[in-house]
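Each chain is listed here by its residues.
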Amino acid sequence: MSIKSGYFKKSLHVDLTKGSADRRALPDSFIEKYVGGRGFGARLVWDNLKKHNYKIDPLGQENLVVVAPGPLTGVYLPSSGKSSFIAISPATGLYGDSSMGGGFGVDLRQTGIDVLSIIGKAPELSVLFIDNGEATIIPMPKLKGKSCLKAEGIIREHLDTRTAHVATIGPAGENMVKFACVNADWGRNAGRTGIGAIMGSKNLKAIVVRGHQDLPVYDVNGLMVESDKAYTYLKEHKYFRMWQQEGLMNVIEYANEKGILPSYNFKDSVFARHEQINGATMLADYKIGDSACFSCSMCCSNICLVKNGKYTGTVVEGPEYESCAMLGSNLGIDNFAAVLSANRLCDELGIDTISTGNLVGAVIEGYEKGILALSDLDGNDITWGDEDAILELISKIANRQGIGDIIADGSRRIIEKWPEMDKIILQVKGLEQSAYDSRAGSSMALAYATSDIGAHHTRAWTIAKEMEEGQDWSDEDKTETVIYHQKLRPLFDMLGVCRLPWIELGLNERHYANFYKYVTGNEVSLEQLLELSNDIYDLTRLINTRLGMSRKDDSLPYKVWANPPLTGPNAGKVIDRDYFQKLLSLYYQKRGWDENGIPQARLENKFED
Amino acid sequence: MPKKLTVIPEQCSGCRICELVCAIKHFGVNNPKKAAIRVVNTYPHPVMRMPIVCSQCKVPLCAKVCPTDALRWVEGIVHLDKEDCISCYKCVEACPFGAIYAHEDCDLPIKCDMCGGDPECVKQCPLGALRLIPEDALGEPKRVNNILSYTQMKEIEFYEKGEKKTIHYAEIGEEEL
């Protein structure tokens, strides 16, 4: 079968050491098997790993960063603005990826390529400018230390382009903070797994894209009809207007009600003053406008402005649920203006709000419990809800000052220095947990433990379903739901689209197989696409196990075993260790991996050719 | 009465669906860079998302600079005559809003033709930021927005006989328009 359309069938490979950029043809067989986005990324990272004999320093020259939109990115269908950043993560030392919304991926595709890969290290701080067909590496040492938002403005000015999209790192990325993110379009982040640190290690301050080519679509009219159906479905959904207004901020109320909202570093799973940081508060006092990713009618992002008090004038794109929970309730902050200010600070510095909120919370608890002494904190007292101290600590992390230098190296380094912190920090494989408590739901715990990038909900998010109908779930149901999610959710990252229309408003996932059919001209069923996605999951597992990971790493944070939430509907609940191991064995069995979690040898040959 | 395509930037989220549908309708391709309407974003000061599209001016400056008279205002729409146009792009530069566009692949300037009176972008805008309204109703959304901003204002200061006074307004609530 040949690929009829939907792809430019070109990749761009940039070597920063040599200063070269060459376009390479992508064979049909490659495209067919890996689809795009995270699929392309995983395969290219795997090839690079083999080339380096399975030894890669995540912050070394040899680590390959892949930026990949998908075949559906930028075409007329709901929320098609996604692109993925893939590399070996400095936070976990394993496979890592993170996706970004906005319009960056659309322009990247319009330059006429399907995937961009970057290796090497530039001699001085540089910017990669891909202007339609041409790619140039432009040294811009003066950008050193500039915040993400400022750098974006300067770069646009300097390159004389207002329409280009700029994905940039901030001071945190330059300082190789292990959870530094890549920021584009003034507040869209590829936040997790520390891709920003890798760009920093390569002296790559920003990737600028400006493209104007037609996106290849096999059947434009067919796609139009299918997409109109999908848009109409969304528009008529009873919660559509609520999504436009509150966006992801509505989840705060939901999470609090269900008892899965992290508060005080996951000591509790409800927050007494949740009403002060929820969507209704945002709408009443802070929101000044909507913000949407490319071609998205849901516009789940908000623009907020603080109108009075000490943070007056703070403008931020966001916050969304994760940022608000991790920088709000998880730190005991009940002042929404302070949450906005912290979010803005993270955007400026270019660090992940989830990891930052998680680690700052852990530091506060560690200090409270006496594991950290006042001298460890450079003499600065810090406690729950202490806005000034928290904002200062965030700056110290990004600039690697004092204790910030240790926190910047992520949870593993903190645990190495203060072993007792292992009982305080919530992390899996070195990646800090995102803002859904898993003690109430063993399927969510399994999802965190088996996610290929660490404790993040992007691969499987079963908590809502388990809360609603999961009381009667058998172990079979739980593992199968997690595996189904781990097939479907990464598929969105492969296609280059957002999953929110599906997960939040229930847009039928079969639409996506049709979209793929109309864009590429290839008749593929959803089941076939899910199988392809499953292959990628096997591949990332192969990468991870080759890098030394095994069953012992598919574990959970100490708190999940030992410290139940204090109040709320899930008070007293923890995950039983033996029960979890049983669930994990069943999961491996269903995946066809061996008892130690290693994919069988048969898989290895699958990704040769 | 001719209708005007008007933009309410306060309601725009910057999703660019208008760009896509415009390009698909006129060129049959998925390429937002071939649209006659583009969303310009500014951030953070000020935060604004503004779709820029032809205003179909009655005294069109684009037509004034056109050396071949290829642009003509007829019944509310400034038409671009494909036969007469020589693609000098003088109109692109002359438009005070920058609402005429150029693209490498296209022989002619890209200009809004209102889809013959039923613009696709207006139909597809998910937030009602683009509207088609009769000329005599122009400015109405602005007036309504202005009133809304007053209803949210809880107090107003004023001076009477040199004395500073304050009036308090009751909040009207969050009824949607």
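Model, not experiment: these values are computed from the prediction.

1. Re the environment of Ser355 of chain A
Residues and elements named next belong to chain A.
Then comes step 1: With respect to the helices, strands and loops of the structure, Ser355 is situated in helix 13 (residues 353-368).
Then comes step 2: You can call Ser355 buried: it has 33 C-beta atoms within 10 Å.
Then comes step 3: Considered as a pair, Ser355 and Ala167 are 188 residues apart in the sequence and their alpha carbons are 20 Å apart.
Then comes step 4: In this view, Ser355 contacts Phe179 and Glu432; residues no more than four positions away in its chain are not counted.

2. Focus on the domain arrangement of chain B
Residues and elements named next belong to chain B.
Then comes step 1: Domain boundaries in chain B define domain 1 (3-55 + 92-138) and domain 2 (139-177).
Then comes step 2: Taken together, the 6 residues of domain 1 in the interface contact 4 residues of domain 2.
Then comes step 3: Partitioned by chemical class, the residues of the side of domain 1 that touches domain 2 number 4 nonpolar, no polar and 2 charged.

3. A closer look at the sheet that holds strand 14 (residues 301-305) of chain A
Residue and element names in this part refer to chain A.
Then comes step 1: Here 3 strands make up an open sheet; going across it, the order is 13-14-15 and the pairing antiparallel. Lying at the two open borders of the sheet, with one neighbouring strand each, are strand 13 (287-291) and strand 15 (315-317). When strand polarity is set aside, the average angle formed by the axes of neighbouring strands in this sheet is 15°.
Then comes step 2: As judged from the 3 bridges shared by strand 14 and strand 15, these two strands associate in the antiparallel manner. What sits directly across from Leu305, in strand 15, is Val315.

4. Focus on the interface of chain A and chain B
Then comes step 1: In this complex, chain A contributes 27 residues to the contact, which on the side of chain B involves 21 residues.
Then comes step 2: Elements represented by at least two residues in the side of chain A that touches chain B include exactly helix 7 (220-236) and strand 13 of chain A.
Then comes step 3: If one sorts the elements of the side of chain A that touches chain B by residue count, strand 13 of chain A sits on top with 4 residues.
Then comes step 4: The class makeup of the residues in the side of chain A that touches chain B is 15 nonpolar, 9 polar and 3 charged.

5. Some thoughts on unusual backbone geometry
Residue and element names in this part refer to chain A.
Then comes step 1: Gly318 connects to Pro319 through a cis peptide bond whose omega is -5°.
Then comes step 2: Mapped onto the elements of the fold, Pro319 is located in the loop between strand 15 and helix 11 (321-327).
Then comes step 3: Even without being glycine, Ser79 reaches a positive phi, approximately 60°.
Then comes step 4: Mapping Ser79 onto the fold places it in the loop between strand 3 (65-69) and strand 4 (83-88).

6. Comments concerning the domain arrangement of chain A
By a widely used convention, the size of an interface equals the accessible area lost when the partners come together.
All names here are of chain A.
Then comes step 1: When cut into domains, chain A gives domain 1 (10-210), domain 2 (238-432) and domain 3 (442-505 + 525-606).
Then comes step 2: Once you take the C-alpha centre of each, domain 1 and domain 2 turn out to be 26 Å apart.
Then comes step 3: Listed by contribution, the elements that provide at least two residues to the side of domain 1 that touches domain 2 are helix 4 (148-158) and helix 5 (171-174).
Then comes step 4: A per-element tally of the side of domain 1 that touches domain 2 places helix 5 first, with 3 residues.

Rules used in this analysis
- Residues numbered from 1 in each chain as written.
- Chains lettered and ligands numbered in written order.
- Predicted model: local features only at pLDDT ≥ 70, side-chain atom pairs only at ≥ 80, totals over all residues.
- Helix = DSSP H or I, 4+ residues; strand = E, 2+ residues; numbered from the N terminus.
- Buried ≥ 20, exposed ≤ 12 C-beta atoms within 10 Å, placed from the backbone.
- Contact = placed C-beta atoms within 7 Å.
- Domains from an automatic or database assignment.
- Nonpolar A, V, L, I, M, F, W, Y, C, P; charged D, E, K, R; others polar.
- Pairing = 2+ DSSP bridges.
- Axes fitted to C-alpha atoms, helices over the stretch in contact; angles between N-to-C directions.

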